[in-house]
Amino acid sequence: MLGRINTTAAVARSLRLRSARLQPQFARVRAMSQLVEPREPSVVTSKIPGPASLASLKHLSAMQDTRAAAFVGDYEKSVGNYIVDADGNQLLDMYCQIASIPVGYNNAAILAAARSDQMATALANRPALGVYPSADWPQLLEDSLLRVRPAGLDMVFTSAHGSDANEIAYKAAFIHYARMRRSSGVFSAAELESVMDNRPPGSPNVAILSFSSGFHGRTFGALSTTRSKALHKMDIPAFPWPRAPFPQLRYPLDKYAEENAQEEKRCLAETEEILRSNPVPIAAVIVEPIQSEGGDRQASPDFFRGLRRITREHGVLLIVDEVQTGCAATGSFWAHEQWALDSPPDMVTFSKKMQAAGFYHTKELVPDQPYRNFNTWMGDVPRTLLTRAIVAEVLDKDLISQVRSTGSYLVSHLKPLSIRYHRLVSNVRGQGTFLAFDCPTPEIRAELLHLMRLEGVNMGGSGEASVRFRPMLTLTSAHVNVFVSRFESVLNKMYQKY
Ligand SMILES: Cc1ncc(COP(=O)(O)O)c(C=O)c1O
């Protein structure tokens with residue numbers, strides 16, 4: 001008895017100590033939510049990465065490969081549309097952690113969600129959601145992912161990240177494909193035997209069709225459908241799945257309307273031919289609404305309507321990969337809403353700005369047996385709590401309208417600049433603030449990105465020589481003005497040389 005009292009007292013003491021230790025942490029989070037966004041960038045080092053970033057990267061490089069690192073972030077000081085680095089440089093962020101921050105650094109609503117009791121419980125007690133879901137999980141799904149579900153897709157599978165979302169969507173497609181062809185609901189002895197040797201009929205030869213320059217991730221199945229860069233795929237065994245041509249449009253779109261329509265027709269015809277005659281049957285086609293990593297390549301709503309039509313006619317599922325385009329950046333919550341499809345896609349995958357990852361699907365795509373599309377965690381309650389706060393910010397503050405108007409304002413500056421500095425900037429394109437332009441060479445693009453950073457704007461590339469805009473949904477015309485003044489200054493400097 002005495003022992004128990006002593007233990008209880010010791011636990012209480014340790015909890016008090018722990019909570020005293022935690023207090024400064026909460027004070028820091030409170031301070032972060034009171035940060036004010038700078039009015040303009042401030043660059044205090046002559047190079048980026050500066051000395052503090054370099055010292056930190058040197059430390060890190062003993063443990064991890066740091067060759068892709070641009071600089072070291074200070075995420076306590078970053079605020080709104082501005083990222084602050086370890087040296088105190090404040091950069092307008094037009095790239096946002098590879099297109100994955102939706103509503104600003106240290107957004108007060110996101111910090112409030114992060115500080116909540118529900119978050120603490122979820123973080124301290126991570127459930128295996130497929131087996132022991134928490135009682136608040138269904139309502140949380142309703143208030144977050146389901147609140148913005150694409151029309152026609154009432155179910156959601158939650159997973160870890162973008163590649164994982166696609167990978168599991170492919171499994172759902174294959175399971176569905178086999179079920180449609182199995183006369184009885186039971187697996188045959190031959191299937192049960194062969195599957196353990198990775199042979200047909202249990203492990204069938206069935207394919208996912210993807211498009212040239214598409215990017216769908218880096219796990220094995222997803223990587224087999226990625227076609228953006230050879231380096232991503234090199235040395236990794238891949239499924240022998242087919243590739244269809246994605247339209248190569250010419251800009252400006254209105255000038256080349258006829259030519260572009262022909263190009264889309266050609267690509268659709270070739271896609272249909274693959275669906276008809278590929279030696280391995282195709283279970284699903286995956287497509288990005290705007291090919292992102294592959295170089296911000298677009299196609300028209302007509303093309304996507306055509307793709308929906310031919311996939312339906314050939315009994316093939318259509319997966320729309322909205323990992324990068326989803327969450328309002330193109331001026332609609334989901335980019336595919338702008339296609340006016342007469343029947344919805346079969347699956348829509350998401351991650352990045354949504355913070356939670358996974359795919360929306362119809363009830364028909366739930367396998368007959370449990371434990372088939374399954375893993376330990378089956379998603380993540382803390383990330384989904386953030387999704388709930390993000391979705392509320394986007395809808396309550398009508399950030400979709402803001403994205404549309406800020407995007408048009410940005411384009412109204414980019415187009416004249418692309419005429420004035422045509423040797424450096426061409427093919428301005430995109431939707432909402434999901435915009436891009438081309439540089440003449442990868443080297444010129446690298447120089448431009450470098451100089452922009454020194455002017456106080458963080459940007460990213462896509463494809464061979466494109467520059468992509470992936471700002472927060474909270475970008476305003478005032479931020480655009482800051483960007484444009486820095487951009488003009490860099491273009492002026494570079495134009496002397498090229
Ligand atoms: C369209 C698209 N799909 C899938 C992925 C893979 O997502 P992740 O890097 O989270 O695995 C990406 C990542 O850039 C992407 O842009």
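A quick note: this is a predicted structure, and the numbers were derived from the prediction, not measured.

Asker: Help me out: how do you make sense of unusual backbone geometry in this one?
Answerer: Most peptide bonds are trans, and most residues other than glycine sit at a negative phi. Of note, the bond from P200 into P201 is cis; its omega dihedral lies within 30 degrees of zero at 5°. Structurally, P201 is set in the loop between α8 (189-194) and β4 (207-211). Here the bond from Y251 into P252 is cis, since omega is -5°, no more than 30 degrees from zero. Within the secondary structure, P252 is located in the loop between β5 (243-244) and α11 (257-277). Unlike most non-glycine residues, C327 shows phi in positive territory, near 70°. On the basis of relative accessible area, C327 is assigned to the buried category, the value being 0%.

Asker: It is not clear to me how the site of the ligand should be interpreted in this structure. Could you clarify?
Answerer: Near the ligand there are 13 residues, and of these G162, S163, D321, Q324 and K352 occur at the shortest range. In the environment of the ligand, an oxygen atom lies 2.5 Å from a nitrogen or oxygen atom belonging to the side chain of S163. When the ligand is considered free in solution it has 390 Å² of accessible area, and contact with the protein chains removes 84% of it. Placement of the ligand is best described as lying within the largest pocket.

Asker: Would you take a moment to explain the domain arrangement of the protein chain for this structure?
Answerer: A common way to report how large an interface is uses the accessible area buried once the components associate. What the domain assignment lists for the protein chain is domain 1 (51-109 + 399-497) and domain 2 (126-396). One C-alpha centre belongs to domain 1, the other to domain 2, and the line joining them spans 28 Å. Each partner contributes to the interface: domain 1 provides 29 residues, whereas domain 2 provides 26 residues. Buried area between domain 1 and domain 2, summed over both chains or domains, comes out near 2300 Å², and the portion from carbon and sulfur atoms is 56%. Considering only the side of domain 1, the residues that lose the most area to domain 2 are I400, Q431 and F434, jointly responsible for 27% of the buried surface there.

Cut-offs applied
Residues numbered from 1 in each chain as written. Predicted model: local features only at pLDDT ≥ 70, side-chain atom pairs only at ≥ 80, totals over all residues. Heavy atoms only, no water. Helix = DSSP H or I, 4+ residues; strand = E, 2+ residues; numbered from the N terminus. Buried < 20%, exposed > 50% of the residue type's maximum accessible area, 1.4 Å probe, protein only. Near = heavy atom within 4 Å. Polar contact = N/O pair within 3.5 Å; in protein donor to acceptor, adjacent residues only side chain to side chain. Areas by Shrake-Rupley, 256 points an atom, 1.4 Å probe, with all protein chains shown as cover. 1 Å grid on protein atoms, 1.4 Å probe; cavity = no way out; pocket = protein on both sides within 12 Å on 5 of 7 lines; lining within 4 Å. Sits in = over half its atoms within 2 Å of the grid points. Domains from an automatic or database assignment. Contact = heavy atoms within 4.5 Å. Buried area = accessible area lost by both parts, 1.4 Å probe.

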